[in-house]
Amino acid sequence: MKASILPVLLTTLSLATAQRISHSTRNGRPTCTVYAGKSNATDDVPTINKAFSACGHGGNIVFPEGQTYHINSRLNPIVNDVTIDWRGEWLFSEDLDYWRNNSYHIEFQNHAAGFILTGDHIRIDGFSTGGIDGNGQVWYYAERGNATVGATQPGRPMPFVFWNVSDVTVRNFYIVQPQLWSINMMNATNMIWDNIYVNATSPEAPAGYNYVQNTDGFNTMDTRNVLLTNFVYQGGDDCIAIKPRSYDITIKNVTCISGNGIAIGSLGQYLEDSSVSNIWIDNATVIKGGAQNSIGNAAYIKTWVGELVSGGDRDYESDFQPRGGGWGSVTNMLFTNFHVFGAKSGGVISQNSGDNGTAAGTSNMLVSNVAFVNFTGYLDGRPTTASELQVVYERQRDEHGGGKL
């Protein structure tokens, strides 16, 4: 009995999925217009995957405005030469157990992803109405006990990851309530981002508490030739984080509200070359705010100690193995025209991340040719200009050979 019913059910599901895709042509290219299911119990991922299969190679995919697509399972479409009119919203499910156990594994810092896009010649436009809601509040509240130490638990998925991509444009797009890092690029070349909005806030967080830790705004790693313009971030961690092996990155017209500021790093966290070079960040506004009513540094470079160290509240990030000891260079860093309102520091270079009290001053990262130019405003309510540069750099034990600056 059950065996005879199953094919009927599968056929019914397949028909329902097909009926939610309208097929047409636009400028001679196949076009798939995708419509969402009727309830949040409907997983729209099978329909979305069918659209990517049918129109993701030399075609167009349309998510109409006003549609809410329920992302109840992971997906990793592989595309080539595709235009995506992303006018509607993708909404991730609240099923924490599913995501913890089924998200794609991201080796760096032992993280995870729910949606990964792979391929070449990708053009995405949200038309200022489209984007992703990560449903992050359920994660923020579930892990609120870790808020005082700034740690998250394993398995929280990133909602918007580009992996093995080239020639990508993303415009007029938003991400709200990201579960973890909002935007992450890995093994990426030639990317243009413009008019991007990210907001990770927790209305349930008491004053002075950061429930939205680890919600970075814009991250790059193993990435070359990226342009980001007109970016707005509010959250509880790095507004922008330029991570290992990122080269030729230009970022202009950025607003960062609360969180940790704009970061180059972390670098040297693992036993690998963590070099970064040719980074220019221009016209950034950094504003104190959020439930914690603060923001860390306007801009900072953070490298790890040069020895393997254990311990800390985020050991899961290395699968509970010792961290540090990475090497490389950090060169040609230019930060210009920063407008700072209440940050704790202006420009900072720190080479002691991960220090457990035994390894300060041992960084293997060579930092050179760094300029902080035209920083104006005020620091954390103090009557001073933000152009002061704080270099947090210690050589406490000569026997280690010292760090490099």
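The structure we're discussing is the one just above.
Summarised in this report is the structure supplied together with it.

About the cut-offs
Residues numbered from 1 in each chain as written. Predicted model: local features only at pLDDT ≥ 70, side-chain atom pairs only at ≥ 80, totals over all residues. Heavy atoms only, no water. Salt bridge = Lys/Arg side-chain N within 4 Å of Asp/Glu carboxyl O. Helix = DSSP H or I, 4+ residues; strand = E, 2+ residues; numbered from the N terminus. Buried < 20%, exposed > 50% of the residue type's maximum accessible area, 1.4 Å probe, protein only. Pairing = 2+ DSSP bridges. Phe/Tyr/Trp six-rings, centres within 6.5 Å; stacked < 30°, edge-to-face > 60°. 1 Å grid on protein atoms, 1.4 Å probe; cavity = no way out; pocket = protein on both sides within 12 Å on 5 of 7 lines; lining within 4 Å. Points joined across faces, edges and corners; volume = space filled by probe spheres on them. Nonpolar A, V, L, I, M, F, W, Y, C, P; charged D, E, K, R; others polar. Arc of directions from axis to C-beta. Disulfide = S-S within 2.5 Å.

Focus: the pattern of salt bridges
Applying the stated criterion to the full structure yields 13 salt bridges. With a closest N to O distance of 3.2 Å, D81 and R29 form a salt bridge. Residue D81 is located in strand β5 (residues 78–86), and its partner R29 is located in strand β2 (residues 29–34); the two are separated by 52 residues in the primary sequence. For D81, a relative accessible area of 25% corresponds to the partly exposed category. For R29, a relative accessible area of 19% gives the class buried. It is possible to trace a salt-bridge network through shared partners that takes in R29, D81 and R123.

Digging into the environment of T376
Among the secondary structure elements, T376 is positioned in strand β22 (residues 364–379). For T376, a relative accessible area of 36% corresponds to the partly exposed category. For the pair T376 and N337, spaced 39 residues apart in the sequence, the C-alpha separation amounts to 7.7 Å.

Focus on the sheet that holds strand β7 (residues 104–106)
The strand order across the open sheet formed by three strands is β7-β8-β11, and the pairing between neighbours is mixed. Here the strands that pair on one side only, and so sit at the sheet edges, are β7 and β11 (157–158). Relative to strand β8 (residues 111–113), β7 is paired through three bridges, and the arrangement is antiparallel. Counterpart to Y104 in the pairing with β8 is A113.

Concerning the packing of aromatic side chains
Tallying each qualifying case throughout the model produces 24 aromatic pairs. Relative to F173, the ring of W86 has its centre 4.9 Å away and its plane inclined at 85°; by these criteria the two rings are edge-to-face. Within this pair, whereas W86 is found in strand β5, its partner F173 is found in strand β12 (residues 160–176), the two being separated by 87 residues in sequence. The same class applies to W86 and to F173, which are both buried.

A look at the layout of surface pockets
The computed volume of the second largest pocket comes to approximately 260 Å³. Looking at the second largest pocket, it is lined by 17 residues, and the ones nearest its centre are I106, E107, F108, Q109 and N110. Listing elements by their share of the lining of the second largest pocket, those giving two or more residues are β7, β13 (183–199) and β14 (218–234). Looking at the lining of the second largest pocket residue by residue, the classes come out as six nonpolar, five polar and six charged.

With respect to helix α2 (residues 45–55)
Listed in full, the buried residues belonging to α2 are V45, T47, I48, A51, F52 and C55. Projected down its long axis, α2 shows its buried positions confined to an angular sector of 160°, all on one face.

A word on the state of the cysteines
Counted according to the given criterion, the structure contains two disulfides. The residue that forms a disulfide with C32 is C55, at a sulfur-sulfur distance of 2.1 Å. Taking the torsion about the S-S bond as the criterion, the C32 to C55 disulfide, at about 65°, is right-handed. With C32 in strand β2 and C55 in helix α2, the pair connects residues that are 23 residues apart, well separated along the chain. Like C32, the residue C55 is buried in the burial classification. Residue C239 pairs covalently with C256 via a disulfide, S to S 2.2 Å. Across the disulfide from C239 to C256, rotation about the S-S bond amounts to roughly -70°, and the bridge is consequently left-handed. Separated by 17 residues along the polypeptide, C239 in strand β15 (residues 238–242) and C256 in strand β16 (residues 246–257) bring together distant segments of the chain. A relative accessible area of 0% places C239 in the buried class. Here the bonded cysteines of the protein are numbered in sequence order, and their pairing is 1-2, 3-4.

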